[in-house]
Amino acid sequence: MSDRIAEAAKLAPSASLTVEEVRSVRHWNEHLFSFTISRPPSFRFRSGEFVMIGLPGEGRPLLRAYSIASPAYADEIEFLSIKVPDGPLTSRLQKIQPGDPVYLGRKPTGTLVADALTPGRRLFMLSTGTGLAPFLSLARDPDIYDRFNQIVMVHCVRQVSDLAFREELESQLAGDPLVQDQALLQFHYLPTVTRQPFRTTGRIDALIEDGSLFGHPLTGPTAFDPATDRVMMCGSMAMIRDLQARFEELGFKEGSNAAPGDFVIERAFVG
């Protein structure tokens, strides 16, 4: 029996997990990849939520929380992941191929959802690294364009090849079956790179301070305003802590599923 067949034989559904099939894998560079899996007919989620993904472990499944990168209406479920050579899960997950089985949790959840924000005019989605994933989901959901006039996706990475989905985002989601017309008018993508030459360099806080975060084609004030702006943050803990303090000083209130507010973070990933 081959290693792959033996691995597949270990997977069995349970009360909290289904077994799904890997449909595609895309390696962006040496430490970043994305993949899609089959979607169970009963699986429902809100764009921006996360779910548990895993493989067999010693005695029990090895699971980690992953933000869903595909929109709520998609036929397949997509994820974006780093490759950690000695990571208990990612060291194995990065080797998956189409046809392989993986565990999928039955209950998605999370606070990076439109329902956790009060109405506003501009929505800023601030991300670093794989924190882009939930915003890929939201940006391809028609609902977000009905809620906000402008959608700004900021993606901060170390090197240019870390800009996953760059081509799709730079095209303003051209060809997307549901949002391409709205995205052309309302969606703005701002990638920034910190360790290689690029048209935009610097961390997100630097872009806020020098005003470049609010440059053309964005309209409105050249600073954050709690009266009109709403913010979502996902990525490095340092970025989230720094910006959270900044927004609270400006009078922004953190939102949740129970009490919508002016900004949200995914506390499941924040230590």
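What counts and how
Throughout, residues of each chain are indexed from 1 in the direction in which the sequence is written. In keeping with the predicted nature of the model, local features appear solely for residues at pLDDT of at least 70, side-chain atom pairs appear and are counted solely at 80 or more, and the whole-chain, interface and lining totals rest on all residues. Hydrogens and waters are ignored; side-chain quantities use all the structure's heavy atoms. UniProt positions are given in the numbering used here, feature names are shortened, and annotations may be inferred rather than shown by experiment. Only runs of H or I of at least four residues qualify as helices and only runs of E of at least two qualify as strands under DSSP, and these elements are numbered from the N terminus. Only strands that DSSP links by at least two bridges are regarded as paired with each other. Between the N-to-C directions of two axes lies an angle of 0 to 180 degrees, each axis being a line fitted to C-alpha atoms and, for a helix, fitted only over the stretch in contact. We call two residues in contact when some of their heavy atoms are within 4.5 Å. Here's how the labels work: a residue is buried when its accessible area is under 20% of the maximum for its type, exposed when over 50%, partly exposed in between, all with a 1.4 Å probe on protein chains only. Orienting the strands away from the viewer, one traces the path from the first strand over the helix to the second; a clockwise path indicates a right-handed crossover. By convention, a stacked pair of Phe, Tyr or Trp rings (six-membered ring in the case of Trp) has centres within 6.5 Å and planes under 30 degrees apart, an edge-to-face pair has planes over 60 apart, and any other such pair is tilted.

It is worth spelling out the UniProt feature "domain: FAD-binding FR-type" (unreviewed entry) in the protein at this point. The sites that UniProt annotates as "domain: FAD-binding FR-type" (unreviewed entry) are residues 12-115. With 4% helix and 42% strand, residues 12-115 has its two end C-alpha atoms placed 34 Å apart.

Turning our eyes to something else, we now look at the sheet that holds strand S1 (residues 17-29). As summarised here, the arrangement of the six strands in space is S4-S3-S6-S1-S2-S5, forming an open sheet in which the pairing is antiparallel. One side of each edge strand has no neighbouring strand; the edge strands of this open sheet are strand S4 (62-67) and strand S5 (76-82). Taken over all neighbouring pairs, the strand axes of this sheet differ in orientation by 40° on average, direction set aside. As paired strands, strand S3 (residues 50-55) and S4 are joined by six bridges and run antiparallel to one another. Considered in S4, the bridge of Met52 is made with Ala65.

A word on the side chain of Thr228. Its place among the elements puts Thr228 in the loop between helix H7 (204-209) and strand S10 (229-234). Once residues within four sequence positions are removed from consideration, Thr228 is found in contact with Gly120, Arg121 and Arg122.

When a strand is regular, its side chains alternate between the sheet's two faces. S10 sits mainly inside the fold: six of its six residues count as buried. Here S10 shows no split at all, with Asp229, Val231 and Met233 on one side and Arg230, Met232 and Cys234 on the other all buried. With six bridges joining them, strand S7 (residues 122-128) and S10 adopt parallel strand pairing. Paired with Arg122 across the bridge in S10 is Asp229. Bridging between S10 and strand S11 (residues 263-265) involves three bridges; their strand directions are parallel. Across the sheet, the residue bridging to Val231 is Phe263, located in S11. With respect to chirality, the unit in which S10 leads through helix H8 (residues 237-249) into the neighbouring parallel S11 is right-handed.

All told, the structure shown has 12 aromatic pairs when counted by the stated rule. Taken together, a centroid distance of 4.8 Å and an interplanar angle of 75° make the contact between Phe124 and Phe224 edge-to-face. With Phe124 in strand S7 and Phe224 in the loop between H7 and S10, the pair connects residues that are 100 residues apart, well separated along the chain. Its relative accessible area of 0% is what places Phe124 among the buried residues. According to the relative accessible area criterion, Phe224 is buried, its value standing at 8%. Three or more aromatic residues joined by ring pairs form one cluster here, namely Phe124, Phe214, Phe224, Phe247, Phe252 and Phe263.

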